[in-house]
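Below are the chains, spelled out letter by letter.
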2 protein chains.
Amino acid sequence: MSAGTRETGTGHQTGETGRRDAPLLVATPHDDGVDAAVDAARRVIAGLLAAGDQTGLELGAVTAQLIAVADHLEAHAPDRAARLAVMWQGEGVTRHDPVTGPENAIAPPLTLHGMDDGSIQGTVTLGLPYQGPPGHVHGGVSALLLDHTLGVANHWGGPSGMTAELTLRYRRPTPLFEPLTITARQVSVDGSRIRTVGAISAGGRECVTAEGLFINKHLPRPD
Amino acid sequence: MSAGTRETGTGHQTGETGRRDAPLLVATPHDDGVDAAVDAARRVIAGLLAAGDQTGLELGAVTAQLIAVADHLEAHAPDRAARLAVMWQGEGVTRHDPVTGPENAIAPPLTLHGMDDGSIQGTVTLGLPYQGPPGHVHGGVSALLLDHTLGVANHWGGPSGMTAELTLRYRRPTPLFEPLTITARQVSVDGSRIRTVGAISAGGRECVTAEGLFINKHLPRPD
């Protein structure tokens, strides 16, 4: 989870069905700019896995096109220190992470909303890039999603911090290609020690549960 | 972790410096075909994060190029059931996972070698797509890498299976942009219960440690 610099509660935006008026706790993706390019890049990642080495794919041409795009992006990138400073300014804090970030093509992305009872909730459907066992979500991907979601739940529910300990229990295989519900809530705060729980469910049944211990400290933002 | 279908020990290939003759436990990436396209896609993912909304980037054109590639891949993809069956045949088992897979652009990818003492070891340097706190690896990404590595260690050391429980302890922040060493070894087998440990280190110091309980059962491969 990010170092407590996540800005939650960006306003009472309209959530998904059944969560109307539940505040959105992640960055809203834009329809243009880098978010649109990232959205297309997600389709490329999934498409490469879906197509494989299919005959007629002309993978040499595909590779050349992707290299041209990568060369263009790298030629326009500022130096790393300057980019990190910009990333960690203002609204940028929620835009680049590998779980919810609209600027990160690795992120599914997961959308999370804050509930009135202090918990948070989101839904996501995962495809081939997130596969572990045949047709099912990789256990480590579930861990990634839950670590991040527990961190966001801390921002919504009270003090937040960095993960100190995280325990995942895998109760049944988590399916790909079906809507998953992810929930989390902060359960206690004892000085700097924060305890938070969460779960991933499919079809109303818990697949993976998580318990996290977080410490209320944060790494400095780059200048 | 994959459902025990990983094929380990693809031969005594030459490993990295200091691990000469240590068997490679992951698929060898090819210089052409889908692996080359995936390698370029990784550069696109990182390039989008490195460049952001930089002036002069012509992101509309970038987006159009990526959409064209995605459309082409999707048009050539077989139906999902057929693709899953092919993925889980023969050598394909190690090619698509989100940690080591040369066909998965989400994978850093991590390279792992089997050691004579029954442990396994790998090195990886992570960039912007894997960021959590400023300049550091996302705790959930460390969990993803460790879950997978513990599973591969089971294949190398003895019986293997699916993750039942995984505990991560975050001892110090894990840096981006520096070589990380990932190690794991199976420590006990009691009937179907397998216990495995691992760690991510940077500069000789442990950043994250993991303890896993795995159950020696596997999901069926698709027909």
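Our subject is the structure listed above.
Residues numbered from 1 in each chain as written. Chains lettered and ligands numbered in written order. Predicted model: local features only at pLDDT ≥ 70, side-chain atom pairs only at ≥ 80, totals over all residues. Heavy atoms only, no water.

## Here we look at helix 4 (residues 139-157) of chain A
Part 1: The terminal C-alpha atoms of helix 4 of chain A, which comprises 19 residues, lie 26 Å apart, in line with the 27 Å expected from a rise of 1.5 Å per residue.
Part 2: The buried fraction of helix 4 of chain A amounts to 17 of the 19 residues, a majority that puts the element mostly inside the structure. (Helix = DSSP H or I, 4+ residues; strand = E, 2+ residues; numbered from the N terminus. Expected span 1.5 Å × (residues − 1). Buried < 20%, exposed > 50% of the residue type's maximum accessible area, 1.4 Å probe, protein only.)

## Some remarks on the interface of chain B and chain A
Part 1: Contacts between the two partners involve 84 residues from chain B, matched on the other side by 84 residues from chain A.
Part 2: When the buried surface of chain B facing chain A is broken down by residue, Arg-43, Leu-73 and Pro-134 of chain B rank first, second and third, together holding 9% of it.
Part 3: At the boundary of chain B and chain A, one finds 6 salt bridges.
Part 4: Our count for the chain B to chain A interface comes out at 27 residue pairs in polar contact (both at pLDDT 80 or more).
Part 5: Elements represented by at least two residues in the side of chain B that touches chain A include exactly helix 1 (33-51), helix 2 (59-76), helix 3 (80-87), helix 4 (139-157) and strand 3 (162-170) of chain B.
Part 6: By residue number, the principal contributor to the side of chain B that touches chain A is helix 1 of chain B, which donates 15 residues.
Part 7: Here the residues of the side of chain B that touches chain A are counted per class, giving 49 nonpolar, 23 polar and 12 charged.
Part 8: Direction of pairing for strand 3 (residues 162-170) of chain A relative to strand 3 of chain B: antiparallel, over a ladder of 5 bridges. Considered in strand 3 of chain B, the bridge of Leu-168 of chain A is made with Leu-166 of chain B. (Contact = heavy atoms within 4.5 Å. Buried area = accessible area lost by both parts, 1.4 Å probe. Salt bridge = Lys/Arg side-chain N within 4 Å of Asp/Glu carboxyl O. Polar contact = N/O pair within 3.5 Å; in protein donor to acceptor, adjacent residues only side chain to side chain. Nonpolar A, V, L, I, M, F, W, Y, C, P; charged D, E, K, R; others polar. Pairing = 2+ DSSP bridges.)

## With respect to the environment of Leu-110 of chain A
All names here are of chain A.
Part 1: Of note, Leu-110 is situated in the loop between helix 3 (80-87) and strand 1 (111-114).
Part 2: On a C-alpha basis, the gap between Leu-110 and Thr-149 in space is 9.0 Å, while along the polypeptide they are 39 residues apart.
Part 3: Ignoring any residue separated from it by four or fewer positions in sequence, one finds Leu-110 in contact with Val-26, Val-99, Thr-100, Gly-122, Thr-123, Val-124, Thr-149 and Ile-182.

## Focus: the side chain of Ser-201 of chain A
Part 1: With respect to the helices and strands, Ser-201 of chain A occurs in strand 5 (residues 193-202).
Part 2: Once residues lying within four places of it in the same chain are set aside, the contact partners of Ser-201 of chain A are Pro-179, Leu-180, Thr-181, Glu-206 and Cys-207 of chain A.

## Some thoughts on unusual backbone geometry
Residues and elements named next belong to chain A.
Part 1: Cis peptide bonds are those with omega within 30 degrees of zero, and the linkage from Pro-108 to Pro-109 qualifies with -15 degrees.
Part 2: Note on placement: Pro-109 falls in the loop between helix 3 and strand 1.
Part 3: Even without being glycine, Glu-58 reaches a positive phi, approximately 50 degrees.
Part 4: Topologically, Glu-58 is positioned in the loop between helix 1 (33-51) and helix 2 (59-76).

## As for helix 3 of chain B
Part 1: Taken together, the buried positions of helix 3 of chain B are occupied by Arg-83, Leu-84, Ala-85 and Met-87 of chain B.
Part 2: Packed against the buried residues of helix 3 of chain B are helix 1 of chain A.
Part 3: Where helix 3 of chain B begins, the side chain of Asp-79 of chain B points an oxygen toward the backbone nitrogen of Ala-81 of chain B, at a separation of 3.2 Å.

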